[in-house]
Amino acid sequence: MAGTEYGMSFDIAAVRRQFPILSEIIDGRPVHYLDNGASAQTPLAVIDAVRHYETTSRANVLRGVHRLAERATEAYENARAEVAKFLGVQPLEVIFTGGCTAAINLVAYSYGSLLKAGDRILLSELEHHSNIVPWQLLRARSGVEIDMIPVTEDGRIDLTKLPRLVTSRTKLISLAHVSNVTGALLDIRAVVAAAKSVGAKVMLDGAQRAPHGPLDLPSLGIDFYAFAGHKAYGPNGIGVLWGKPELLDAMPPFMGGGSMIGRVTFAETTWAPSPRRFEAGTPAIGPAIGLGAACSWMQALDWTAAHDHEMALVQRLMDGLQKVDGTRLFGPASLQNRYPVVSFTLDGVHPHDVAQTLDSFGVAVRAGHHCAQPLMDRFDLDGTTRVSMAPYNDNTDIDALLAGVAHAARTLR
Amino acid sequence: MNDQLYQDRIVALAKAKTGAGKLDAPTKSARRDNPLCGDRVTMDIKLDGQGRITEIAHQVRGCLLCQASASALSAVAVGRDAAGVADIRHDAERALGRESGDPREPFTAFAPVAAHKSRQECVLLPFEALKDALS
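Residues numbered from 1 in each chain as written. Chains lettered and ligands numbered in written order. Predicted model: local features only at pLDDT ≥ 70, side-chain atom pairs only at ≥ 80, totals over all residues. Heavy atoms only, no water.

In this section: the nonpolar core. The biggest cluster of nonpolar side chains holds 78 residues, and the ones touching the most others in it are Leu87(A), Phe227(A) and Tyr233(A). For this core, the leading source of residues is helix 10 (residues 285-300) of chain A, giving nine residues. Two domains each put at least three residues into this core: domain 1 (3-30 + 302-411) and domain 2 (47-300) of chain A. Counting 68 residues, the second largest nonpolar core, distinct from the first, contains Leu317(A), Leu358(A), Ala30(B) and Phe127(B). (Core = buried A, V, L, I, M, F, W, Y, C linked by side-chain atoms within 4.5 Å. Buried < 20%, exposed > 50% of the residue type's maximum accessible area, 1.4 Å probe, protein only. Helix = DSSP H or I, 4+ residues; strand = E, 2+ residues; numbered from the N terminus. Domains from an automatic or database assignment.)

Below, the structure is given as structure tokens:
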């Protein structure tokens, strides 16, 4: 293994050393963690940042005047700045949320409250439930209507359907930047062009893209971006919403409470400006600091080399799976415009049984509908087995998985 | 290797597909979904005048454990009423280690699932569907 395989620019052994859990032995087997699309592992830099806060700076943010509160506030705002740098935006445009789901719900509630009955939201058939259900809740509240872009045979959002689906009534297009099932990368330029032609806003669910390197959101021409901390090597319970400041300023609060106010009287309450307007109550301070450290860690990685490494693993995986009789791959057949998420089925073996067998080989994957039931319906599937990779994965992970799939094929059908 | 979950008996029960299919004109039918994993079981039954099962058939869109359980349940359900089915559910619960006591056949086959709590609902889903059909 090690870096020699991929050149000196990407030292896989050095990356792996930063993730203590990768040294874990379970039932005598090393951990082959290929469930990064559900939750990535976290490097020492993140663990250390959270520990540093908890042991040297633990206090509430914003309100205290004592030294610990000042430390906590500084660390929290530094984390916001690190996230902003990772996204290529200004710190005050970054809102810490409880996760990616919470970020999408925030937009669906707050921006959604500015929409009226008959306005249309455009989603796609491959969205995660977290980018479907919040809009259905909005529909129930306000009478907006939802349109859906179908998916192509190779698991991409079918943008040839955009001209028919984007109309003057379309107010927001909300799509996965990268599919959590097929790994397909969205052609943002085409979506933004279609949206701008009718004055619609664009939101991207970046849960599966953010873990694969820094972004330059202003260059994308979009309006909102959401991602989850725990999928991006950070702690649980933290996520991010980025929004264009003029949109955030126009949006009413999502939740009321401390921190998000200007002035409270029983007659009237005014709101703080964003991002505080959208961070009611005590935030998840430690997790935010951890996410800041995760963004900083990602900034430091050579993502050109890391992406090449991840795609080499995808190729090895796809080649290996195609040698097992009865496997069927879903998603793009090529490595172009995709990220390292690969879904497959094995004829005659349910995905959960594949995943359970893989567990006995020390391989962690996700099986089932991946919170994308409309996509499963599109392909008439009970579910798939999903392999989702991170830069710390290596050939031994893929080879262990292939051995497990071959075993399942031999013994369970 | 710790792959003892899929022991030969469970695989054999699933492959036996006892009762797999649909009934023409069932007295009752019920479908249950597991929203967490997407497994789906449909149970068709015919009942006699005393509410006892005379025929049973199941359709499973689910994992091997769910298929094996539906197969095992179908093998012993005929002749039982709702109370009788509730009684054999105890055997499944015992096999899974959720109740004390020794399970009767064929549910001893599910003993390996006791160590896999996240998969126990897969075994119980056919029981839930049959309970609904009998209610």
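On we go from here.
This part is about the domain arrangement of chain A. Residue and element names in this part refer to chain A. Along its sequence, chain A is carved into domain 1 (3-30 + 302-411) and domain 2 (47-300). Computed over C-alpha atoms only, the centres of domain 1 and domain 2 are separated by 28 Å. For the pair domain 1 and domain 2, the summed buried surface comes to about 2500 Å²; carbon and sulfur atoms form 60% of the total. Three residues stand out in domain 1 for area buried against domain 2, namely Trp 303, Tyr 339 and Arg 378, and they jointly supply 28% of the buried area on that side. Counting across the interface, domain 1 meets domain 2 through two salt bridges. In this structure, the salt-bridge partner of Glu 153 is Arg 378, at a minimum N-O distance of 3.3 Å. Our enumeration of links across domain 1 and domain 2 arrives at 18 residue pairs in polar contact (both at pLDDT 80 or more). Broken down by secondary-structure element, the contributors of at least two residues to the side of domain 1 that touches domain 2 are helix 11 (303-322), strand 14 (341-346), helix 13 (373-378) and strand 17 (384-388). At five residues, helix 13 tops the list of elements feeding residues into the side of domain 1 that touches domain 2. (Buried area = accessible area lost by both parts, 1.4 Å probe. Salt bridge = Lys/Arg side-chain N within 4 Å of Asp/Glu carboxyl O. Polar contact = N/O pair within 3.5 Å; in protein donor to acceptor, adjacent residues only side chain to side chain.)

Here the focus is the sheet that holds strand 4 (residues 94-97) of chain A. Backbone hydrogen bonds are what pair the strands of a sheet, in a parallel or an antiparallel way. All names here are of chain A. Within the open sheet, the seven strands sit side by side as 4-10-9-8-7-5-6. Their pairing is mixed. Every other strand in the sheet has two partners, leaving strand 4 and strand 6 (145-149) as the edge strands with one partner each. With direction set aside, neighbouring strand axes in the sheet form an average angle of 20 degrees. In the sheet, strand 9 (residues 224-228) pairs with strand 10 (residues 239-243) via five bridges, with the strands oriented antiparallel. Note on strand 10: the bridge partner recorded for Phe 227 is Val 240. (Pairing = 2+ DSSP bridges. Axes fitted to C-alpha atoms, helices over the stretch in contact; angles between N-to-C directions.)

Glancing now at the interface of chain B and chain A. Tallying the contact residues gives 19 residues for chain B and 18 residues for chain A. Carbon and sulfur atoms supply 47% of the area buried between chain B and chain A, which totals about 1500 Å² over both sides. Put simply, chain B and chain A have three salt bridges between them. The salt bridge involving Asp353(A) is made with Arg119(B); its shortest N-O contact spans 3.1 Å. Only helix 1 (8-16) and helix 2 (64-77) of chain B provide two or more residues apiece to the side of chain B that touches chain A. (Contact = heavy atoms within 4.5 Å.)

A separate point is the layout of surface pockets. By volume, the largest pocket amounts to about 900 Å³. As for the largest pocket, its lining consists of 44 residues, of which Arg366(A), Ala367(A), His370(A), Cys371(A) and Leu36(B) are closest to the centre. Only helix 4 (100-111), helix 12 (351-360) and strand 16 (366-368) of chain A together with helix 4 (120-134) of chain B provide two or more residues apiece to the lining of the largest pocket. No other element matches the four residues that helix 12 of chain A contributes to the lining of the largest pocket. Its residues placed into classes, the lining of the largest pocket shows 17 nonpolar, 18 polar and nine charged. (1 Å grid on protein atoms, 1.4 Å probe; cavity = no way out; pocket = protein on both sides within 12 Å on 5 of 7 lines; lining within 4 Å. Points joined across faces, edges and corners; volume = space filled by probe spheres on them. Nonpolar A, V, L, I, M, F, W, Y, C, P; charged D, E, K, R; others polar.)

Those residues of helix 1 of chain B that fall on the buried side of the exposure criterion are Ile10(B), Val11(B), Leu13(B) and Ala14(B). For helix 1 of chain B, the angular spread of buried residues about the axis comes to 160 degrees, placing them on one side. If you follow the buried residues of helix 1 of chain B, they end up packed against helix 14 (395-411) of chain A together with helix 2 of chain B. Directly after helix 1 of chain B, the chain includes Lys17(B), whose backbone phi takes a positive value near 50 degrees. (Arc of directions from axis to C-beta.)

What follows concerns the packing of aromatic side chains. Both the distance between ring centres and the angle between the ring planes are used here to describe each pair of aromatic rings. All names here are of chain A. Taken as a whole, this structure holds 12 aromatic pairs over all chains when the rule is applied. Ring centres of Tyr 76 and Phe 96 lie 5.3 Å apart, and the angle between their planes is 45 degrees; this geometry places the pair in the tilted category. Taken as a pair, Tyr 76 in helix 3 (residues 67-87) and Phe 96 in strand 4 lie far apart in primary sequence, 20 residues in all. Members of the aromatic cluster, connected to one another through ring pairs, are Phe 19, Tyr 233, Trp 297 and Tyr 392. Just above the ring of Phe 379 sits the side chain of Arg 378; from NZ or CZ to the centre is 4.6 Å. (Phe/Tyr/Trp six-rings, centres within 6.5 Å; stacked < 30°, edge-to-face > 60°. Lys NZ or Arg CZ within 6 Å of the ring centre and 35° of its normal.)

This next bit is on the packing of helix 11 of chain A against helix 14 of chain A. Residue and element names in this part refer to chain A. Relative to each other, helix 11 and helix 14 sit at 15 degrees, their axes nearing to 10 Å. Classified by the angle between their axes, helix 11 and helix 14 sit roughly parallel to one another. Of the two elements, helix 11 crosses helix 14, and the hand of that crossing is right-handed. Facing helix 11, whose interface residues are Leu 313, Arg 316, Leu 317, Gly 320 and Leu 321, helix 14 presents Asn 395, Ile 398, Asp 399, Leu 401, Leu 402 and Val 405. Tallied by class, residues from the contact of helix 11 with helix 14 come to seven nonpolar, two polar and two charged. (Parallel < 35°, antiparallel > 145°, perpendicular 65-115°, else oblique. Left-handed = near helix turned anticlockwise from the far one by under 90°.)

Right, let's talk about unusual backbone geometry for a bit. Peptide bonds are mostly trans, and most non-glycine residues show a negative phi. Residue and element names in this part refer to chain A. That bond from Ser 274 to Pro 275 is cis: its omega, 5 degrees, falls within 30 degrees of zero. Within the secondary structure, Pro 275 is located in the loop between strand 12 (269-271) and helix 10. Even without being a glycine, Asp 27 presents a positive backbone phi close to 50 degrees. With respect to the element layout, Asp 27 can be found in the loop between strand 1 (25-26) and strand 2 (29-30). Located in the positive-phi region is Ser 259, a residue other than glycine, with phi close to 75 degrees. Structurally, the position occupied by Ser 259 is in the loop between helix 9 (245-250) and strand 11 (261-264).

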